[in-house]
Amino acid sequence: GAVVSQHPSWVICKSGTSVKIECRSLDFQATTMFWYRQFPKQSLMLMATSNEGSKATYEQGVEKDKFLINHASLTLSTLTVTSAHPEDSSFYICSARGRGQRGNQPQHFGDGTRLSIL
Amino acid sequence: EDQVTQSPEALRLQEGESSSLNCSYTVSGLRGLFWYRQDPGKGPEFLFTLYSAGEEKEKERLKATLTKKESFLHITAPKPEDSATYLCAVQAYNTDKLIFGTGTRLQVFP
């Protein structure tokens, strides 16, 4: 149980293009989803928290106009990196917490998306 | 400021050689401490949640313990398939946010 699927797993694109990453909870309804970024040999850094049907909450220093998050249903959240540049290259990982779970229940993670901007 | 420090950064063990990984934390009211395992190129896989000092959780060769300042992940008689990066994260009260450490990269050799 508690499977989170992320797609695509790897994307390479040219500077200036926009990239959309999908995060789906496959066997549970996720009222809260989280988006993280991980640089090599560094810890996961939370970018934003999204609740189904409402606007995402962004962490300090994360540009909300650059990283667009949509959580339109209880099983799907998307992250769109707009006008991506080489410095946006990173490993992006989503996580989800199930409906009805207490706030300190574990988050379940997808397998991440490796984004490379040329 | 909430913070998590993990040590050692890397650990090489012979198969069967037991050891412990450390996670030291400072947090303004601990809501939960989480251990995850991360394989290369993959997302973290949930292992344990600990909520209060003195609590212990076990799963196969892994045992997690918690004090007011740190948590240990004990690995008993590890096998090569236990090789991975082990991540520790804390969550403070009144927040959904997890603060992660940089992890301990464990390699177990046959």
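Residues numbered from 1 in each chain as written. Chains lettered and ligands numbered in written order. Predicted model: local features only at pLDDT ≥ 70, side-chain atom pairs only at ≥ 80, totals over all residues. Heavy atoms only, no water.

### A look at the layout of surface pockets
Part 1 of the reasoning: Quantified by volume, the largest pocket comes out at close to 540 Å³.
Part 2 of the reasoning: Around the largest pocket, the lining is made up of 22 residues, and of these Q38 and K41 of chain A together with Q38, T85 and R105 of chain B lie nearest the centre.
Part 3 of the reasoning: It is strand β11 (residues 104-109) of chain B that provides the largest number of residues to the lining of the largest pocket, a total of 4 residues.
Part 4 of the reasoning: Residue composition of the lining of the largest pocket, grouped by class: 7 nonpolar, 9 polar and 6 charged. (1 Å grid on protein atoms, 1.4 Å probe; cavity = no way out; pocket = protein on both sides within 12 Å on 5 of 7 lines; lining within 4 Å. Points joined across faces, edges and corners; volume = space filled by probe spheres on them. Helix = DSSP H or I, 4+ residues; strand = E, 2+ residues; numbered from the N terminus. Nonpolar A, V, L, I, M, F, W, Y, C, P; charged D, E, K, R; others polar.)

### Some points on the interface of chain A and chain B
Part 1 of the reasoning: The partner chain B presents 19 residues to the 24 residues of chain A that form the contact.
Part 2 of the reasoning: Between chain A and chain B, a total of about 1,700 Å² is buried, with carbon and sulfur atoms accounting for 53% of that surface.
Part 3 of the reasoning: Our count for the chain A to chain B interface comes out at 3 salt bridges.
Part 4 of the reasoning: For R97 of chain A, the salt bridge identified is with D96 of chain B, shortest N-O distance 2.8 Å. (Contact = heavy atoms within 4.5 Å. Buried area = accessible area lost by both parts, 1.4 Å probe. Salt bridge = Lys/Arg side-chain N within 4 Å of Asp/Glu carboxyl O.)

### Topic: the packing of aromatic side chains
Part 1 of the reasoning: This model, assessed by the stated rule, comprises 7 aromatic pairs over all chains.
Part 2 of the reasoning: A ring pair is formed by F109 of chain A and F100 of chain B, whose centres lie 6.1 Å apart and whose planes are at 75 degrees; its orientation type is edge-to-face. Linking F109 of chain A in strand β10 (residues 108-109) with F100 of chain B in strand β10 (residues 98-100), this pair reaches from one chain into another. Both residues of the pair, F109 of chain A and F100 of chain B, count as buried. (Phe/Tyr/Trp six-rings, centres within 6.5 Å; stacked < 30°, edge-to-face > 60°. Buried < 20%, exposed > 50% of the residue type's maximum accessible area, 1.4 Å probe, protein only.)

### Focus on the sheet that holds strand β3 (residues 19-25) of chain A
Residues and elements named next belong to chain A.
Part 1 of the reasoning: The strand order across the open sheet built from 4 strands is β1-β3-β8-β7, with neighbouring strands paired in antiparallel fashion. Each edge of the open sheet is held by one strand with a lone partner, namely β1 (4-7) and β7 (67-73). Put simply, the sheet's adjacent strands are angled 15 degrees from each other on average, direction ignored.
Part 2 of the reasoning: Judged from the 6 bridges that link them, β3 and strand β8 (residues 76-81) form a sheet pairing that is antiparallel. Bridge pairing in β8 links R24 to L76. (Pairing = 2+ DSSP bridges. Axes fitted to C-alpha atoms, helices over the stretch in contact; angles between N-to-C directions.)

### Comments concerning unusual backbone geometry
Part 1 of the reasoning: Geometrically, the link from H7 of chain A to P8 of chain A is a cis peptide bond, its omega value of 0 degrees lying close to zero.
Part 2 of the reasoning: With respect to the helices, strands and loops of the structure, P8 of chain A is situated in the loop between β1 and β2 (10-13).
Part 3 of the reasoning: In this structure, the amide linkage connecting S7 of chain B to the following residue, P8 of chain B, adopts the cis form with an omega of -10 degrees.
Part 4 of the reasoning: Note that P8 of chain B resides in the loop between β1 (3-7) and β2 (10-14).
Part 5 of the reasoning: One non-glycine residue, E60 of chain B, adopts positive backbone phi at about 55 degrees.
Part 6 of the reasoning: When you line up the elements, E60 of chain B lands in the loop between β6 (56-59) and β7 (62-66).
Part 7 of the reasoning: A positive phi is found at A77 of chain B, a non-glycine position, where the angle reads about 45 degrees.
Part 8 of the reasoning: Turning to its location among the elements, A77 of chain B is positioned in the loop between β8 (70-75) and β9 (84-92).

### Regarding the nonpolar core
Part 1 of the reasoning: Ranked by size, the top nonpolar core spans 24 residues in total, and within it W35, F67, L79, Y92 and L115 of chain A carry the most contacts.
Part 2 of the reasoning: Contributing elements (two or more residues each) for this core: β2, β3, β4 (30-38), β5 (45-51), β7, β8, β9 (90-98) and β11 (113-117) of chain A.
Part 3 of the reasoning: Contact partners of F67 of chain A, with chain neighbours within four places excluded, come to R37, M47, Y58, V62, L79, T80, V81, D88 and Y92 of chain A.
Part 4 of the reasoning: One finds L13, L21, W35 and F48 of chain B within the second-largest nonpolar core, a separate group that totals 23 residues. (Core = buried A, V, L, I, M, F, W, Y, C linked by side-chain atoms within 4.5 Å.)

### What to know about the state of the cysteines
Part 1 of the reasoning: Enumeration according to the criterion identifies 2 disulfides over all chains in this entry.
Part 2 of the reasoning: Disulfide pairing places C23 of chain A opposite C94 of chain A at an S-S distance of 2.0 Å. Sign of the S-S torsion, about 80 degrees for the bond between C23 of chain A and C94 of chain A, identifies this disulfide as right-handed. Taken together, the positions of C23 of chain A in strand β3 and C94 of chain A in strand β9 put the pair 71 residues apart, joining distant regions of the chain.
Part 3 of the reasoning: Between C23 of chain B and C88 of chain B runs a disulfide, and the two sulfur atoms are separated by 1.9 Å. Across the S-S bond linking C23 of chain B and C88 of chain B, the dihedral sits near -60 degrees, which makes this disulfide left-handed. Placement of C23 of chain B in strand β3 (residues 19-26) and of C88 of chain B in strand β9 is noted, with a sequence separation of 65 residues between them. Grouping residues by exposure puts C23 of chain B and C88 of chain B together as buried.
Part 4 of the reasoning: The cysteine C13 of chain A is free of any disulfide, with C94 of chain A supplying the nearest cysteine sulfur at 18 Å. (Disulfide = S-S within 2.5 Å.)

In short, geometric facts, not functional conclusions.
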